[in-house]
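Descriptive analysis of the structure
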Amino acid sequence: MKNTIKKLFIALATVPLILSCNSWLDKPPLTQFSDTNYWTSESNVKTFCLGFYSLFDGFGTGASSSINSNGGSGTESDFYFTTFGDDQANNAIDIFATAAPASATTWSTPYRYIRLANLLLARINAVPISETAKNHYRGVAYFFRAMEYYDLTRRYGDVPYENKYLDQVTDTTQIWGTRTPRNTVMDSVLSDLNKAVALLYPKSVADTYTGVNTVNQDVANALKSRICLYEGTYSKYQLGDNTRATNYLTQCKTASEAVMNTGTYALNPDYRTVYSSLDLTGNKETLLYRLYLDGIVTHSVIGYTNSSTIISGLTKDAVDAFLCTDGQPISLSPLYMGDTPNATNLSIGQSTLKNRDKRLVESVDSTLCYIRKPNASGFTSTTGYRISRFDNSTLTKTQTLAPNNPTDAPIFWLPEILLNEAEACVELGSFTQTVADNTINKLRARAGVAPLNVSNVPNDPKRDADVSPLLWEVRRERRAELMMDGFRYWDLRRWGKLSYLNPTVKPDIFKGAKAPAGTAGSPGGQDASGYILPYSTTTAAKRVVTTPKNYLDPIPTGQLNLYQNHGVTFPQNQGW
């Protein structure tokens, strides 16, 4: 494993050197690789490909969110710090930008790696290796090019598209191209995904020849499943194109089932295992994970949920979304014990957490902690709910501190595949009891929740009128299973449900746990029913959702100026 980390560092150092030498004017030292002398062995190609892996953030290495930035160095986190949504109340309120930035890594980084993928495709044919090996590395290039164009498109809509390596001196006309319609870009993404699936080594071969925990055919199908679900539902709810939606949802279903039917993957007995393990090598729930090693590459997620820094706790809206063990929402279940804590010790073990989905029980502490009422370790949460899902009791005191956390992070794992399959089937009208038992009910069994009966789906009083009871429950399952994993914000965008982020529409997103009257010292105090208010009225009012403006990010103004200076018409996104 340490050798893998070392190779990754070498790759990250080597790739910029190759890119910088694309002109004959560049005269590097004889000991330095250039584009002209690099493509001579498979070892060099492997090292080059390792550079792409820094796009997988996992837990990151710092305390920033992958929703807001993409430095391309694995710094941002997909977990816990991705608070912009209705599941957590960040200590500093998350709000939409009001003006376009001058620059953004979410624009520049994907294009940097797309250029690398195009370079790999342009050079691989000259490398003296077998055609089978060449095809695998072509598959790697198609995989990462698809991933980055998908990220650009979901953020910005229409974006410049280029599928070949361009010389920065002689190909300026193509470099400064217009924005390509998003549907065209996404169709090219699907084409790249299909090529990746066809060309990449199967897992068993990749494990032998390119290394364990590298991109393989199963991982490509996992990415295809993720992207096609997004595009299928976006096409339905945002574009109103049901024909396009059906095509992409069918592709999602095909990719999901390809992974499910391998027989290689299985759920861990315990929900928390994939989030808190020191080593995910051989873990049957994970298809790909980010490796962390003590003293070499570490993260801060555990440190920030176990420190005096106020923790971004779960909202009342999020906690209320978890079912009772009988499979009923709290408003319908006789097993629901309310949410009043023990007034003496602030325990919620016999109220909020009693008879509830284990995923909730394993995600938050059984004792509330908030300003003026810290727990025994001195911790406080914005909402009273301390996040405990990522904890590992075997860590030393030093390892528990940020940024020294050495636990591994999942990148692609089985629960997401099962949820993608379930949602695609509901949208396609092919969700049966068999589908439920092969997807949702496997997750529920592990969570100690009664199975979903397709012939008797609960009708939650909180359900949106435009969402069927079945789809409501499948979306709930996705929220519960993947909470704090970086999916929720993007789910709301593709469903056309950013209104969920509006506190005037859903007041409980800006409420926390119920606390004894007058005990909370949070900025907003408590409401009349005793619920903690993480924000003052003035701060809460800063969260404004504007439609359709907030469904796309603004093009950085620096990019607009560059294109316009080259005589290219390059319109800003609507509302910006």
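This text gives an overview of the structure that appears in the document. Owing to the predicted nature of the structure, the values given are computational and were not obtained by experimental measurement.

About the thresholds
- Residues numbered from 1 in each chain as written.
- Predicted model: local features only at pLDDT ≥ 70, side-chain atom pairs only at ≥ 80, totals over all residues.
- Heavy atoms only, no water.
- Core = buried A, V, L, I, M, F, W, Y, C linked by side-chain atoms within 4.5 Å.
- Buried < 20%, exposed > 50% of the residue type's maximum accessible area, 1.4 Å probe, protein only.
- Helix = DSSP H or I, 4+ residues; strand = E, 2+ residues; numbered from the N terminus.
- Pairing = 2+ DSSP bridges.
- Phe/Tyr/Trp six-rings, centres within 6.5 Å; stacked < 30°, edge-to-face > 60°.
- Lys NZ or Arg CZ within 6 Å of the ring centre and 35° of its normal.
- Salt bridge = Lys/Arg side-chain N within 4 Å of Asp/Glu carboxyl O.
- Expected span 1.5 Å × (residues − 1).
- Axes fitted to C-alpha atoms, helices over the stretch in contact; angles between N-to-C directions.
- Parallel < 35°, antiparallel > 145°, perpendicular 65-115°, else oblique.
- Left-handed = near helix turned anticlockwise from the far one by under 90°.
- Contact = heavy atoms within 4.5 Å.
- Nonpolar A, V, L, I, M, F, W, Y, C, P; charged D, E, K, R; others polar.

**Focus on the nonpolar core**
Within soluble globular proteins, side chains that are nonpolar tend to cluster in buried spots. Counting 145 residues, the largest nonpolar core has Phe56, Phe143, Phe144, Phe390, Phe412 and Phe431 as its most contacted members. Ranked by residues supplied to this core, first place goes to helix H4 (residues 131-156) with 13 residues. Formed by six residues, the second largest nonpolar core is a distinct cluster that contains Ala89, Ile509, Phe510 and Ala540.

**Side note on the pairing of strand E2 (residues 409-413)**
In terms of residue burial, E2 counts as a mostly covered element, since five of its five residues are buried. As paired strands, strand E1 (residues 286-290) and E2 are joined by four bridges and run antiparallel to one another. Each bridged residue has a counterpart across the sheet, and for threonine 286 the counterpart in E2 is tryptophan 413.

**A short note on the packing of aromatic side chains**
For any pair of aromatic rings, the description rests on two quantities: the centre-to-centre distance and the angle between the ring planes. One pass over the structure, following the stated rule, counts 37 aromatic pairs. Note on phenylalanine 79 and tyrosine 275: the rings are 6.1 Å apart at their centroids and 75° apart in plane angle, and the pair reads as edge-to-face. Separated by 196 residues along the polypeptide, phenylalanine 79 in the loop between helix H2 (42-50) and helix H3 (105-123) and tyrosine 275 in helix H10 (residues 273-276) bring together distant segments of the chain. Since its relative accessible area comes to 1%, tyrosine 275 is described here as buried. Measuring from ring centre to ring centre gives 5.4 Å for tyrosine 271 and tyrosine 275, while their planes differ by 65°; the resulting arrangement is edge-to-face. Across the pair, tyrosine 275 and tyrosine 271 agree in class, each one buried. In textbook terms, an aromatic cluster arises when at least three aromatic residues are bridged by ring pairs, as seen for Tyr38, Trp39, Phe48, Phe52, Tyr53, Phe56, Tyr113, Phe143, Phe144 and Phe412. Over the face of the ring belonging to tyrosine 275 we find arginine 389, whose NZ or CZ atom lies 4.7 Å from the ring centre.

**Focus on unusual backbone geometry**
Following alanine 402, the chain continues into proline 403 via a peptide bond in cis, with omega recorded as 5°. Residue placement: proline 403 occurs in the loop between helix H14 (397-400) and E2. One non-glycine residue with positive phi stands out, namely asparagine 213, at about 65°. Inspection of the secondary structure assignment puts asparagine 213 in the loop between helix H7 (203-209) and helix H8 (217-237). With relative accessibility at 17%, the residue asparagine 213 sits in the buried group. Its identity is not glycine, yet asparagine 355 carries a phi of approximately 60°, on the positive side. Along the chain, the position of asparagine 355 falls in the loop between helix H12 (316-321) and helix H13 (358-361).

**Considering the pattern of salt bridges**
A full pass over the atoms with the stated rule returns 43 salt bridges. In this structure, the salt-bridge partner of arginine 244 is glutamate 231, at a minimum N-O distance of 3.0 Å. Note that arginine 244 is positioned in helix H9 (residues 242-260) and glutamate 231 in helix H8, a separation of 13 residues in sequence. An identical accessibility class is assigned to arginine 244 and glutamate 231; each is buried. Among the ionic pairs, arginine 479 bridges to aspartate 317, the shortest N-O distance being 2.7 Å.

**What about the environment of alanine 436?**
Looking at where alanine 436 falls in the secondary structure, it is placed in helix H16 (residues 433-438). On the basis of relative accessibility, which here comes to 0%, the residue alanine 436 falls in the buried class. Each C-alpha atom, one on alanine 436 and one on threonine 254, is 16 Å from the other, the two residues being 182 residues apart in sequence.

**A short note on helix H18 (residues 469-481)**
For H18, built from 13 residues, the straight-helix expectation of 18 Å at 1.5 Å per residue is met to within 8% by its first-to-last C-alpha distance of 18 Å. Across the 13 residues of H18, twelve count as buried, placing the element largely inside the fold. Among the residues of H18, those classed as buried are Leu470, Leu471, Trp472, Glu473, Val474, Arg475, Arg476, Glu477, Arg478, Arg479, Ala480 and Glu481.

**Section: the packing of H2 against H3**
One way to put it is that H2 packs onto H3 with a least axis distance of 11 Å and a crossing angle of 160°. By the angle between their axes, H2 is roughly antiparallel relative to H3. As H2 packs across H3, the resulting crossing turns out to be left-handed. Contacts from Val45, Phe48 and Cys49 of H2 reach H3 at Leu116, Leu119 and Leu120. Considered class by class, the residues forming the contact of H2 with H3 number six nonpolar, no polar and no charged.

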